[in-house]
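Examining the three-dimensional arrangement
What follows is each chain in one-letter form.
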Amino acid sequence: MGEIARAFRASLGHPSELYALIKYKITEGKKLDPSVSHTSKLTVRKKPDPKHTWDMCYYYLNKTSRSFARVIAELDDELRHPVCIFYLVLRGLDTVEDDLTIPLDKKLPILRDFHKIIYQRGWTFDGNGPDEKDRMLLVEFDVVIEEFLSLKESYQIAIADSTRRMGNGMADFVSGKKVETMDDYNLYTHYVAGLVGLGLTKLFVATGLESETLDESGHLSNQMGLFLQKVNIIKDYLEDLLEGRRFWPSVVWKQYVPIPESGKVYDGKIGVGRPPTLDMAGATGDFADFAKPEFKDRGIACLNHLCADALDLVPDCLEYMSRLRNPSVFHFCAIPQVFQVNDSLLYALFISFSGLI
């Protein structure tokens, strides 16, 4: 294990030390390349400058990414651009999948063929609803395709393979498959995030920055993605609920949701160490009950269950990161993991149901 990984692991029990370590490592003495720092179209080189599509990709990276733009920008030169394009390709795919205003007969073919679409110069899409926050990425998606096609073939293959598998998995769930069992939950998070981990590992290896033996089975890469996505699902409870989406497995939440007028819960459990309250006024027995203040204890108990499930993935995440040898790759992988623990698991218990995360 390298020095960085040892320091990271030693600090896990001390969140303030861990935050300081990551903040130091991401900011120490590194000035970002201006060509990857576009936050306005005013700095983008205009057509027909050959760097126009490059600049536009970094403009959209900074515009669409809440957390990854900085760590992508700090990757080594050989890896930075393939990861940027990988991110934008998957962001485009997700923007189609996430938009409930797109009819299924239009959405499903795009999801299943997106890995082919990224080879089609000039392709754009303006079918998102007006309120979809990332719709402009797809309106100008031809710039992403141009940069994708400029990548080395090995990078294109890694990106297209993850996109193919993710798009088909998304299409299965959009078509009616529900997250009911833990197997469903693990499968969904594999499609939307585990495959990102697998694709990134392929890129790390293809650039020569990491060893071919980093994760030959793909298990650890998948676990890295699952951890990030499961925490996102936990903290996005209210947002998803309001938009008509449910990703918490019903086999879990039905153990805790209150049943109207009965003073009981599914399977006779509430998970908070005391008998259920007898006052069930306002209960509907539905997933949405967790957002009601009077059922906060039950919601927290359910959330604890899902947090424990996510934390089971942490040892595999640490094992993966301990194998990394390139500092910029380590930063890229470690920072999101740390912030998910610090900002989500520690605070989600108190504010997930109020929508403050």
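Residues numbered from 1 in each chain as written. Predicted model: local features only at pLDDT ≥ 70, side-chain atom pairs only at ≥ 80, totals over all residues. Heavy atoms only, no water.

1. Focus: the packing of aromatic side chains
Per the stated rule, a full pass over the model turns up 17 aromatic pairs. Plain terms: the ring middles of Phe-173 and Tyr-188 are 5.2 Å apart, the flat faces sit at 75° to each other, and that makes the pair edge-to-face. Here Phe-173 is found in helix α9 (residues 153-174), whereas its partner Tyr-188 is found in helix α10 (residues 182-206), with 15 residues between them in sequence. Ring centres of Phe-173 and Tyr-191 lie 6.2 Å apart, and the angle between their planes is 70°; on these two criteria the pair is classed as edge-to-face. (Phe/Tyr/Trp six-rings, centres within 6.5 Å; stacked < 30°, edge-to-face > 60°. Helix = DSSP H or I, 4+ residues; strand = E, 2+ residues; numbered from the N terminus.)

2. A short note on the confidence of the model for the protein chain
Of the residues in the protein chain, 80% reach a pLDDT of 70 or more, and the chain-wide mean stands at 84. The model gives residues 10-21 a pLDDT under 50, and that stretch makes 11 contacts with residues more than four places away or in other chains. In the predicted structure, residues 262-279 sits below a pLDDT of 50 and forms 35 contacts with residues beyond four places in sequence or in another chain. (pLDDT = per-residue confidence, 0-100. Contact = heavy atoms within 4.5 Å.)

3. Description of the nonpolar core
Ranked by internal contacts, the top residues of the largest apolar core, which has 99 residues, are Phe-114, Trp-248 and Met-321. Per-element accounting of this core gives the leading share, 11 residues, to helix α5 (residues 77-98). With near-sequence residues (within four places) excluded, Phe-114 lies in contact with Val-89, Gly-92, Leu-93, Trp-123, Leu-138, Phe-141 and Thr-163. (Core = buried A, V, L, I, M, F, W, Y, C linked by side-chain atoms within 4.5 Å. Buried < 20%, exposed > 50% of the residue type's maximum accessible area, 1.4 Å probe, protein only.)

4. As for the packing of helix α11 (residues 219-235) against helix α14 (residues 296-311)
Relative orientation of the contacting elements α11 and α14 amounts to 170°, with a least axis distance of 9 Å. Classified by the angle between their axes, α11 and α14 sit roughly antiparallel to one another. Contact with α11, carried on its side by Phe-227, Lys-230, Val-231 and Ile-234, involves Leu-303, Leu-306, Cys-307, Asp-309 and Ala-310 of α14 and no other residues of that element. Counted by class, the contact of α11 with α14 contains seven nonpolar, no polar and two charged residues. (Axes fitted to C-alpha atoms, helices over the stretch in contact; angles between N-to-C directions. Parallel < 35°, antiparallel > 145°, perpendicular 65-115°, else oblique. Nonpolar A, V, L, I, M, F, W, Y, C, P; charged D, E, K, R; others polar.)

5. Brief notes about α9
Along its 22 residues, α9 runs 31 Å from first to last C-alpha, staying within 8% of the 32 Å computed at 1.5 Å per residue. Taken from the residues just after α9, Gly-176 is the one with a positive phi, measuring 135°. (Expected span 1.5 Å × (residues − 1).)

6. Considering α10
The first and last C-alpha atoms of α10 sit 33 Å apart over 25 residues, in line with the 36 Å expected at 1.5 Å per residue. The sharpest bend along α10 measures roughly 55° and falls at His-190. Two or three places before Asp-183, at the start of α10, stands the capping residue Thr-181, its side-chain oxygen 3.3 Å from that residue's backbone nitrogen. Looking at the residues trailing α10, positive phi occurs at Gly-208, about 85°. (Bend = angle between axes of the 7 residues up to and from the residue. Polar contact = N/O pair within 3.5 Å; in protein donor to acceptor, adjacent residues only side chain to side chain.)

7. Description of the pattern of salt bridges
Counted under the stated rule, the structure contains 20 salt bridges. Among the salt bridges present, the one from Asp-172 reaches Arg-112, with a minimum N-O distance of 3.0 Å. A residue pair is termed long-range when its members are at least 10 positions apart, and Asp-172 in helix α9 and Arg-112 in helix α6 (residues 104-117) qualify at 60 residues. Take Asp-172: its relative accessible area is 31%, and that puts it in the partly exposed class. Residue Glu-146 pairs with Arg-121 through a salt bridge whose shortest N-O separation is 2.9 Å. Placement of Glu-146 in helix α8 (residues 142-149) and of Arg-121 in the loop between α6 and α7 (135-139) is noted, with a sequence separation of 25 residues between them. Note on Glu-146: relative accessible area 28%, which makes it partly exposed. Under the relative-accessibility criterion, Arg-121 is labelled exposed at 57%. (Salt bridge = Lys/Arg side-chain N within 4 Å of Asp/Glu carboxyl O.)

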